[in-house]
Amino acid sequence: MERRMLIIISVCFMLIHSVLAQRSFNGVVLGEDSKPLEGATVKLLRGSGERMIGYALTDGKGAFKVTLKQTADSLKLAVSMFGYKTEMQAVGDADTYNFKLEHQAFMLKEVEVKPGRVFGTNDTINYDVNQFISPKDESIKDVLKKMPGIDVAENGKISYKGKDISKFYVEGMDLAGGQYNRITNNLQAQSVETVQVLENHQPIRALQKKINTEDIALNLKLKAEFRDRWLVTLTGGAGYAGETQQTGETQQTGGEGHNPLLWTAGFNAMQLGRRSQSNYAYKTNNTGNDVTLEQNMFFAGGVTLLGGESSASGFLSQPSLMAPLKNERLLFNHTHTFSIDRLFKTQETSRLRINADYTHDDRRQERGSETNYYQSSDTVHIAESVKTNIATDKAHLTANYEDNKETHYLTNQFKATGSWASSIGRYSGFQSVDQHLKTSDIGVRNDLKTIWNKDDYVLQFNSVMKYDHLPSLLDFGAVRENLLLNSFIADKTFSYIKKKGVITQNYSAGIEGQVNNIRNGIIPNITPKWQLNTSKWYGNLSLPLVYTLYPAGKDAGADWSRLAFNPSLFARYKYNYAWVFSASGQYGESYGNITSFYPTPYNTDYRTVLITNEIMPANRSQSFSLNAEYTRTVKEFFATLGVSRSKISSNRITEQSFDEQGNIILNFKEMPSESSSYGLRGTLSKGFFDYGLKLSLDYSFGKSQGEQLSGGVRLPYKAASMQYEPKIIWTPAPMTEISYESSFRYGGSTIGNSTRLSPLLNIVQKLQLSQDISDVSIICRIDHYRNDVSATKTVDAFFGDASLQWKPSRRWQFNASVTNLFDKRKYSYTQYSANQSYTSWINIRGREAIVTVRCVM
């Protein structure tokens, strides 16, 4: 009994001694602006060797607490954070120690302490790639998809917190000039050390202390051993495509050919440094892989296809072969694409960039549709099927020179583009006719911008000159129609900028001249702008005044002129380190394409006639929006929410009618019309470091209404829709990865007072499982498409893919894959538009097997 009591007393004494020996140190870490710093690293150091015996990260309020579990002498607290000087204090008798960190500019290679895998300083968010990468990730795009707050769309477009990036850099240099798919698809994942998101990005040094922006840029920092080194990737493969169920012919060409052979091949050589960068690529395949996406040019808010061809719009366009299905399932193609990118510094602040590419793309497709056109008095039903073949050749060359000094900025960009497309459509059902359509788009453009920073004020001059040649030929039956648009535009703008305190004043005046073969035009404008920028508030007020004049020409009617006042206001409030709120409102007047003045009716396809009546639409729009953003980088949590409202009034309305043969007549009438919409949109993204998990959700809800003319009677229409897109990427173990993404869309329409189209529920679910066993990876994928075809009919489509990857070394990879395991050959779906509904079916690629080899050097 006494022995037990002695043991209990001893244990209690040890516990009391341990508790008494523990000591906690707390405090707050602030920046130079006295704002709390989240994610700062606090170390408790002991002795002259400064051995770390305690560690903590500051929370959202900048607070920390470090516990000393044993007595020790010569203690110090050291606080460090990316972008700040390290501060240190000796520990005395006090328990509270506060720090105020000063900014420090230094190269990223000097950073050694990184708190967590996502960390931020001011307007820069950093992602530690090593914390996200897995053995299965081949390109940096695979890693970007795993990063909280960052989203990569199917076409490769990158956004951050739901907003498109405006610039894409590697080591601070813009090699791709907006065509960054060439980098993200081909840059080896293991070569990147850090991904940086640059918020409020102002790339022009002469304006950095004058004009702030809302733009977002993305920068890749490479590992030292991969910088300036040639990274070469070779791929090649062959496979077999079975026969189609519909025709008994090989489905590799969509029912038109007899060659069951599949092929894919590619070459990419990339060198990325801080003084020069190069990228050379060639890719070809007939497997449905749309490599033409690598030539897309992205910009904030949109995308220009294939190298950024002319911004002018001609009379006719080629038919679309798209459907709500992955391109790899529906695309029957023969594609070759080649690109060159070169960038080098001519001096410390000046750079020369050359981008060039060429694409030959041959696509075939067979599809059918049943379309209902809802009129004021009846409904017109048209059923047809078509076999389409489109052959396209596109070329693009850009030469850009930039000198980016703090005192002077100069950039000149010359761009030449060419696109030649020829299509054959064999229609049956409604009419049996062969339609031949040829379109071309040849353009040259030169953009010059120069800025002089005089300290007290800034002078800026912009010049845009462009020429476009857009001929088109439509041939069907007895109709042969030639249409041509030649357009030359010169636009000059001069600006005076002055900053006083927190207000920046910007006054600009410019004039645009248009010369074309339809009607010439002249557009002078003046635009005063004011910008407010404080630690909490940011705002923009713009008051453009624009006069547009299209004088009467030799064959034109009366002069057409408009004076437009287009004010806009934007305000942003930064509540604290996490919350940002913004609001915007604008009123604007915009006009239609110059082809609206074309005096003669013309066919847009074999059964649609357009009558412009030389009416240029003047669209007056009002729009308002409220937005909120929440960001916690240390917690890897990002959220946005926005509501918007818009209203458009126009002087033109479209009347839709049908002739005796069932052809569609679109007739522009000079009558007032209105349309409006409102919506809600948001994003959520959360990373869980301990579980290797990323969860994200995009959601939206919207309603719209408008009107069209039918038989001289206004036919109103309304539509409502909602959409949810959750995504999960989970790496529960180093050798296992699971991804799930889905889309739930629900929407319906009402046309007139009596026609209500039943709401449609469309669901897409994609599940992929990857498992590594030694140097072998097994990947299985299941896709489920559920489409409401009508109020009483639902179609489910299941697709399965499987692949086996073997990596005997870091250099070599062998892959064997089978796609469309269930051999699904036809896909059906229904969609609504303003005053019509159409149910379509499309032939898709059947079961295919292919073996590929990839070599990385």
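For the structure itself, look to the data block above.
The structure contained in this document is the topic of the report that follows. What you are looking at is a predicted structure, and each value in this text was computed from that prediction instead of being measured.

1. So, the sheet that holds strand 13 (residues 167-170)
In space, the 5 strands of this open sheet follow the order 8-9-14-15-13, with mixed pairing throughout. If you trace the sheet from one side to the other, it starts and ends with strand 8 (118-121) and strand 13, each paired once. Direction aside, the axes of adjacent strands within the sheet are offset by 20 degrees on average. Two strands pair when backbone bridges link them, and strand 9 (residues 124-128) and strand 14 (residues 192-199) are joined in this way by 5 bridges, in the antiparallel orientation. For Tyr 127, the partnering residue across the bridge sits in strand 14 and is Val 195.

2. Focus on a nonpolar patch on the surface
Taken together, Phe 414, Val 444, Met 465, Tyr 467, Phe 488 and Val 515 make up a surface patch of nonpolar side chains, about 480 Å² in accessible area. A relative accessible area of 35% places Tyr 467 in the partly exposed class.

3. Here's the deal with the pairing of strand 44 (residues 736-751)
Looking along a regular strand, one sees side chains alternate from face to face of the sheet. The pairing of strand 43 (residues 713-733) with strand 44 spans 13 bridges and is classified as antiparallel. Opposite Tyr 724, over in strand 44, you have Phe 744 as the bridge partner. Connecting the antiparallel pair strand 43 and strand 44 is a turn made up of 2 residues. Bridge count for strand 44 against strand 45 (residues 755-773) is 15 bridges, and the pairing is antiparallel.

4. Details of unusual backbone geometry
With phi around 55 degrees, Glu 171 is a residue other than glycine that occupies positive phi space. Positionally, Glu 171 belongs in the loop between strand 13 and helix 3 (181-184). Located in the positive-phi region is Asn 613, a residue other than glycine, with phi close to 55 degrees. By the secondary structure assignment, Asn 613 is in the loop between strand 36 (608-611) and strand 37 (618-632). By relative accessible area, Asn 613 is classed as partly exposed at 41%.

Conventions adopted
- Residues numbered from 1 in each chain as written.
- Predicted model: local features only at pLDDT ≥ 70, side-chain atom pairs only at ≥ 80, totals over all residues.
- Heavy atoms only, no water.
- Pairing = 2+ DSSP bridges.
- Helix = DSSP H or I, 4+ residues; strand = E, 2+ residues; numbered from the N terminus.
- Axes fitted to C-alpha atoms, helices over the stretch in contact; angles between N-to-C directions.
- Patch = residues over 30% accessible without salt bridge, like charges linked within 9 Å, V, L, I, M, F, W, Y side chains within 5 Å.
- Areas by Shrake-Rupley, 256 points an atom, 1.4 Å probe, with all protein chains shown as cover.
- Salt bridge = Lys/Arg side-chain N within 4 Å of Asp/Glu carboxyl O.
- Buried < 20%, exposed > 50% of the residue type's maximum accessible area, 1.4 Å probe, protein only.

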